[in-house]
Amino acid sequence: MNKRDANDKTPLSERLGALIRQRDGKLTRELLLAPGQFGLGKVPANRLPDATTTMVCGYCSTGCGLNVHLKGGEAIGLTPATDYPVNLGAACPKGWEALTVLSAGDRATTPLARNALGRLEPVDWETALRIFCDRFQAIQRAHGPESVAFLSTGQIATEEMALLGSLAKFGMGIVHGDGNTRQCMATAVVAYKQAFGFDAPPYTYRDFEESDVLVLVGANLCVAHPILWERVCRNPHDPRIVVVDPRTTETAMAATTHLAIRPKSDLTLFYGVARILIREGWIDGDFIDAHTTGFEEFKEFLFDYPIHRVTKFTGLSERQVIEFARAIHEGRRVSFWWTMGVNQSHEGVRTAQSLINLALLTGNIGRPGTGANSITGQCNAMGSRLFSNTTNLLGGHDFLNPDHRRKVAAILGIDAARIPDRNSWAYPEIVEGIRDGKIKGLWVIATNPAHSWIDQGDLHELLGRLDFLVVQDMYATTETAQHADLLLPAAAWGEKDGTLINSERRIGLVKKVARAPGQALADFVIFKLIARAWGCEAMFQDWTDPEAVFQILKELSRGQPCDITGIEDYRMLDARGGLQWPYPAGAAPAGIERRLFEDGMFYHPDRRAKFLFEPTRPMPEPPDHQFPLLLLTGRGSVAQWHTQTRTKKSAVLRKLYPQEVYVEINPEDARRCGIRPNQMVSVESPRGKIKAKAAVTYAVRPGQVFLPMHYEVVNQLTHPSFDPYSKQPSYKACAVRVRPLGPWKSLHP
Ligand SMILES: Nc1nc2c(c(=O)[nH]1)N[C@H]1C(S)=C(S)[C@@H](COP(=O)(O)OP(=O)(O)OC[C@H]3O[C@@H](n4cnc5c(=O)[nH]c(N)nc54)[C@H](O)[C@@H]3O)O[C@H]1N2
Ligand SMILES: Nc1nc2c(c(=O)[nH]1)N[C@H]1C(S)=C(S)[C@@H](COP(=O)(O)OP(=O)(O)OC[C@H]3O[C@@H](n4cnc5c(=O)[nH]c(N)nc54)[C@H](O)[C@@H]3O)O[C@H]1N2
Ligand code: SF4
Ligand SMILES: [Mo]
């Protein structure tokens, strides 16, 4: 793949070797890793040089299987796998183009360190590792071990996340580490934990095909999960598809019913619907009695949500609300699906739980085509939820539980005292820690917060306050890398081995089918090198390679709801098209698609699910006379991935979306503001002002505008408000004003 690499004649010992101080004080150069080990050298010998191998895509959480075609051991192309249980022969443009972006010119090919002139300059790995350890250790000596934190990702392999979390917390003494999954899935995690007793999305993708009523809330499948939309299209039951979204999205257009609710009024709507279901007797009393707690209290609470309150707040008509309730009642297999329109809200957890409540009330869980189903975002969001050692202890354990700490310590062969006995700060608390001067050093891995974090101007200022910032990324050009004192060049998807866990809990394989450019190394290798340089290598002597770590993760999962002890090895995952958790040892052979709670048993000690509810609250920054419009943000096109570090490198993908930032605005507002289609406008919030091209469209309602998150400037505007339980940012609501910039010029004079 990378021609540059073929010409790299640097001896291996210098590329990967390091000067190691021996006991007697002498320095010797040692090879830290064997040639050909993950990250360097050719594709492993157990893969035939001219063959096809199946692996999962490294973008979204759908987890499509891709057949990668090899020649001479290197990838030369790919096609979607026809026999993979997820995508059944389809892939979206990002998947098709996944190999192309690996050979982009701005790949990070060598470590970079900031020199005395303030410029990033290439250094060798040995120097980089020394700087990493010296600077972080100096900060920890001066300000305590907690003064260094990390921010990681849902986009590296589970084995890498586990190694990072263990190295940081057990090896380096770091207490605070979180990931970009906070921006994305934290709400669903908390909602499930509180309601079910464990973070357990219950569904399997086949449920898309088996429902007769699908309710999609704040989820734009056609853009964000197009292959899951394909699964909906395969549904033979002529299903009713109800989309709840303030915008007329591509998905809303394809639905049978679109409920264009006022933004952030979901919770009121679902309480109102629950009230109707109970009042009409459209509930499953047997299920409620046998498998839930809190129903009576919930019923009483709902008196405060009469239909007139619901219609007034949501902007829907009485008929729309009642028909929605009736559709749920009439469906035999009703499934509720949600994504960021729910999770990214000031009351996201309760909104997610209000959907869980609807499923519990009507007994729509644990049967084919049912469920309260959060769709994840990144390729390994689920891996990070279970095994990143950030918000919970490895394997879904609890840092606060001494038995859990002892169990994990025993499996890892470490002293239990090395495991922190308190929880990490969440991402926004780490950010506040920088402001308060408590966090002085930050290590950022596979995420680009300088673009993606809420209220970007503030974060940029805070990143500047750090004593030391390390960025570990496959590109040296990201917005966050611009702030780095040290950049560690990472190999990417396709250049390393490991597993990812998709939305339906399916563990799939990623494989090394291309060589990383220059001196870039797999994150796994980088973490191992750091462990060695830091002096805690002994702790990870069994963590020799990703598959060895997978075996450790299996042990950590034993007895947990996510038990995967029955999965033998990578070969088994390969042969079976991935496997869903749980998969405990000794369990009856499982089918290729499985859902949870078929026996109605949940994970709380009483085995019941909980009805959870709380009065609705007003959104933190509603529009006012100065900033009269409400800004929504989200995914713009199938061809754009987040901060675009990868997708903008593909010429094919670039043709599929507008290069310039655009703002969608309703014709009524455009007229009122004197804005013509395609005219440049300013979009301004109390925090910033950006330029964008006006896309005048009925897809957004009057009073609302929409900006796709893929353009760097967008988070200059967003308002830093968070769900109180999940600490997830509310990216989809802040007040703005839009004004024309300069006189309008016709495009066709
Ligand atoms: N092409 C592409 N696909 C992706 C990604 C990508 O960057 N590009 N990212 C992946 C990731 S990490 C994620 S998390 C998912 C996100 O997938 P989605 O959540 O489906 O995508 P978004 O566009 O962020 O938000 C979904 C919808 O929420 C709506 N919304 C806003 N406010 C409200 C509200 O108050 N109530 C309701 N009901 N809806 C509201 C928006 O109008 C939007 O249409 O996509 C994944 N897939
Ligand atoms: N306004 C607004 N903002 C949002 C959202 C929104 O809806 N609206 N959505 C939020 C959501 S849901 C999410 S998930 C976040 C995403 O936000 P980010 O995580 O910041 O976005 P990405 O572009 O996916 O960043 C991933 C980084 O990892 C690098 N990378 C890729 N593969 C590897 C690898 O294998 N190793 C290493 N070391 N690096 C790698 C990429 O080059 C890139 O720099 O954005 C959030 N921000
Ligand atoms: S839908 Fe998601 S997993 Fe499938 S090819 Fe596209 S980006 Fe990859
Ligand atoms: Mo996400």
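Residues numbered from 1 in each chain as written. Chains lettered and ligands numbered in written order. Predicted model: local features only at pLDDT ≥ 70, side-chain atom pairs only at ≥ 80, totals over all residues. Heavy atoms only, no water.

**Some points on the overall build of the protein chain**
1) Next: From N to C terminus, the protein chain includes 27 helices and 28 strands.
2) Next: Since a compact globule built from 749 residues should have a radius of gyration of about 27 Å, the 25 Å found for the protein chain is in line with a globular shape.
3) Next: Projected onto its principal axes, the C-alpha positions of the protein chain cover 80 × 70 × 55 Å.
4) Next: Burial analysis of the protein chain (749 residues in total) assigns 64% to the buried set.
5) Next: Considering only intrachain contacts with a sequence separation of at least 6, the fraction spanning at least 24 residues in the protein chain is 73%.
6) Next: Split by element, the accessible area of the protein chain, about 27000 Å² in all, is 51% carbon and sulfur.
7) Next: Measuring between centres, the 86 positive side-chain charges of the protein chain sit 4 Å from its 81 negative side-chain charges. (Helix = DSSP H or I, 4+ residues; strand = E, 2+ residues; numbered from the N terminus. Rg over C-alpha atoms; globule rule 2.2 N^0.38 Å. Buried < 20%, exposed > 50% of the residue type's maximum accessible area, 1.4 Å probe, protein only. Contact = heavy atoms within 4.5 Å. Areas by Shrake-Rupley, 256 points an atom, 1.4 Å probe, with all protein chains shown as cover. Lys, Arg positive; Asp, Glu negative; His and termini not counted. Charge placed at Lys NZ, Arg CZ, Asp CG, Glu CD.)

**Topic: the packing of helix α20 (residues 427-435) against helix α22 (residues 456-465)**
1) Next: Viewed as axis vectors pointing N to C, α20 and α22 meet at an angle of 55°, and their least axial separation amounts to 9 Å. Relative to α22, the element α20 is oriented oblique. The interaxial crossing formed by α20 with α22 has left-handed handedness. Here Val-431, Ile-434 and Arg-435 of α20 come into contact with α22, specifically with Asp-458, Leu-459, Leu-462 and Arg-465.
2) Next: Residue composition of the contact of α20 with α22, by class: four nonpolar, no polar and three charged. (Axes fitted to C-alpha atoms, helices over the stretch in contact; angles between N-to-C directions. Parallel < 35°, antiparallel > 145°, perpendicular 65-115°, else oblique. Left-handed = near helix turned anticlockwise from the far one by under 90°. Nonpolar A, V, L, I, M, F, W, Y, C, P; charged D, E, K, R; others polar.)

**Some words on the site of ligand 1**
1) Next: Contacts to ligand 1 come from 33 residues, most closely from Ala-224, Asp-245, Lys-264, Asp-266 and Gln-640.
2) Next: Here a nitrogen atom of ligand 1 sits 2.7 Å away from a polar atom, N or O, in the main chain of Ala-224.
3) Next: Contact with the protein chains removes 100% of the 910 Å² of surface that ligand 1 exposes when unbound.
4) Next: For the shell around ligand 1, the secondary structure elements donating two or more residues are α8 (221-224), α16 (340-343) and β23 (629-634).
5) Next: A class-by-class count of the residues in the shell around ligand 1 yields 13 nonpolar, 13 polar and seven charged.
6) Next: Built from parts of two domains, the shell around ligand 1 gets at least three residues from each of domain 2 (202-374) and domain 3 (629-740). (Near = heavy atom within 4 Å. Polar contact = N/O pair within 3.5 Å; in protein donor to acceptor, adjacent residues only side chain to side chain. Domains from an automatic or database assignment.)

**Remarks on the sheet that holds strand β21 (residues 579-580)**
1) Next: One open sheet accounts for three strands, arranged β19-β20-β21; its pairing is antiparallel. In this open sheet, the two strands that pair with only one neighbour each are β19 (495-501) and β21. (Pairing = 2+ DSSP bridges.)

**Regarding the confidence of the model for the protein chain**
1) Next: Looking at the protein chain, pLDDT values average 93 and 92% of them are 70 or higher.
2) Next: Here residues 17-23 scores under 50 on pLDDT; set against residues more than four positions off or in separate chains, the count is 25 contacts.
3) Next: This model gives residues 31-43 a pLDDT under 50, and the stretch forms 45 contacts once residues within four places in sequence are excluded. (pLDDT = per-residue confidence, 0-100.)

**Points about the site of ligand 3**
1) Next: Lining the immediate environment of ligand 3, one finds Cys-57, Tyr-59, Cys-60, Thr-62, Gly-63, Cys-64, Ala-91, Cys-92, Lys-94, Gly-95 and Ile-227.
2) Next: Its residues assigned to classes, the shell around ligand 3 shows seven nonpolar, three polar and one charged.

**Focus on the pattern of salt bridges**
1) Next: Under the definition given, this model contains 34 salt bridges.
2) Next: In this structure, Asp-403 engages Arg-406 in a salt bridge whose closest nitrogen and oxygen atoms are separated by 2.7 Å. Of this pair, Asp-403 and Arg-406 both sit in helix α19 (residues 402-412), three residues apart, roughly one helical turn.
3) Next: The network of salt bridges with common partners includes Arg-206, Glu-209, Arg-231, Arg-234 and Glu-593. (Salt bridge = Lys/Arg side-chain N within 4 Å of Asp/Glu carboxyl O.)

**Focus on helix α15 (residues 318-330)**
1) Next: Helix length check: α15, at 13 residues, gives a terminal C-alpha distance of 18 Å against a target of 18 Å (1.5 Å per residue), a fit within 8%.
2) Next: Considered for burial, the residues of α15 that qualify are Val-321, Phe-324, Ala-325, Ala-327 and Ile-328. Looking straight down α15, one finds its buried side chains confined to an arc of 155°; they lie on one side. (Expected span 1.5 Å × (residues − 1). Arc of directions from axis to C-beta.)

**So, the packing of helix α11 (residues 266-279) against helix α17 (residues 348-361)**
1) Next: Axis separation between α11 and α17 bottoms out at 9 Å; the angle between their running directions is 20°. Put simply, α11 runs roughly parallel to α17. α11 and α17 meet at a crossing whose hand is left-handed. Where α11 approaches α17, its residues Asp-266, Leu-267, Phe-270, Tyr-271, Val-273, Ala-274, Leu-277 and Ile-278 are matched on the opposing element by Arg-350, Thr-351, Ser-354, Leu-355, Leu-358 and Leu-361.
2) Next: For the contact of α11 with α17, the per-class residue count stands at 10 nonpolar, two polar and two charged.

**Comments concerning the packing of aromatic side chains**
How two aromatic rings sit relative to each other is set out by the distance from centre to centre and by the angle between their planes.
1) Next: One pass over the structure, following the stated rule, counts 32 aromatic pairs.
2) Next: Relative to Phe-597, the ring of Phe-196 has its centre 4.9 Å away and its plane inclined at 65°; by these criteria the two rings are edge-to-face. In this pair, Phe-196 sits in helix α6 (residues 186-196) while Phe-597 sits in the loop between β21 and β22 (609-610), placing the two residues 401 residues apart along the sequence. Of the two residues, Phe-196 and Phe-597, neither departs from the other in class, the shared state being buried.
3) Next: Aromatic ring contacts, followed pair by pair, group Tyr-192, Phe-196, Phe-198, Trp-338, Trp-581, Phe-597, Phe-602 and Tyr-603 into a single cluster. (Phe/Tyr/Trp six-rings, centres within 6.5 Å; stacked < 30°, edge-to-face > 60°.)

**Here we look at the nonpolar core**
1) Next: With 136 residues, the main nonpolar core has Phe-132, Phe-136, Leu-269, Trp-338, Leu-358, Leu-361 and Trp-443 as its most contacted residues.
2) Next: Broken down by element, this core gets its largest block of residues, nine residues, from α11.
3) Next: Taken domain by domain, the makeup of this core includes at least three residues from each of domain 1 (112-184 + 379-502 + 520-545) and domain 2 (202-374).
4) Next: Once residues within four sequence positions are removed from consideration, Leu-269 is found in contact with Val-244, Ile-261, Val-310, Thr-314, Leu-316, Val-321 and Phe-324.
5) Next: Of all hydrophobic cores here, the second largest spans 45 residues; its members include Leu-66, Tyr-84, Leu-214 and Leu-221. (Core = buried A, V, L, I, M, F, W, Y, C linked by side-chain atoms within 4.5 Å.)

**Thoughts on the sheet that holds strand β12 (residues 257-259)**
1) Next: Ordered by their spatial adjacency, five strands build an open sheet running β12-β11-β10-β14-β15, and the pairing between neighbours is parallel. Two strands in the sheet have a free side with no partner beyond their single neighbour: β12 and β15 (371-374). Mean inter-strand twist for the sheet, computed between neighbouring axes without regard to direction, equals 15°.
2) Next: As judged from the three bridges shared by strand β11 (residues 240-244) and β12, these two strands associate in the parallel manner.

**Observations regarding unusual backbone geometry**
1) Next: A cis amide bond links Trp-581 with the next residue in sequence, Pro-582, at an omega value of 0°.
2) Next: Of note, Pro-582 is situated in the loop between β21 and β22.
3) Next: Here Asn-389, not a glycine, exhibits a phi torsion of approximately 65°, which is positive.
4) Next: Mapped onto the elements, Asn-389 comes out in the loop between α18 (381-387) and α19.
5) Next: Backbone geometry at Ala-446 places phi at a positive 55°, although glycine is not the residue there.
6) Next: The topology assignment puts Ala-446 in the loop between β16 (441-445) and α21 (449-452).

**Considerations on a negative patch on the surface**
1) Next: Together, Asp-286, Asp-289, Glu-296, Glu-297 and Glu-300 line one region of the surface with negative charge.
2) Next: Elements supplying a minimum of two residues to the negative patch: α12 (285-291) and α13 (295-301).
3) Next: It is α13 that contributes the most residues to the negative patch, three residues altogether.
4) Next: With respect to the secondary-structure elements, Glu-296 resides in helix α13. (Patch = residues over 30% accessible without salt bridge, like charges linked within 9 Å, V, L, I, M, F, W, Y side chains within 5 Å.)

**Brief notes about the side chain of Asp-178**
1) Next: Topologically, Asp-178 is positioned in strand β9 (residues 177-179).
2) Next: In this structure Asp-178 touches Phe-150, Leu-151, Ser-152, Thr-390, Thr-391, Trp-425, Ala-426, Tyr-427 and Ile-430, once residues within four positions along its chain are discounted.

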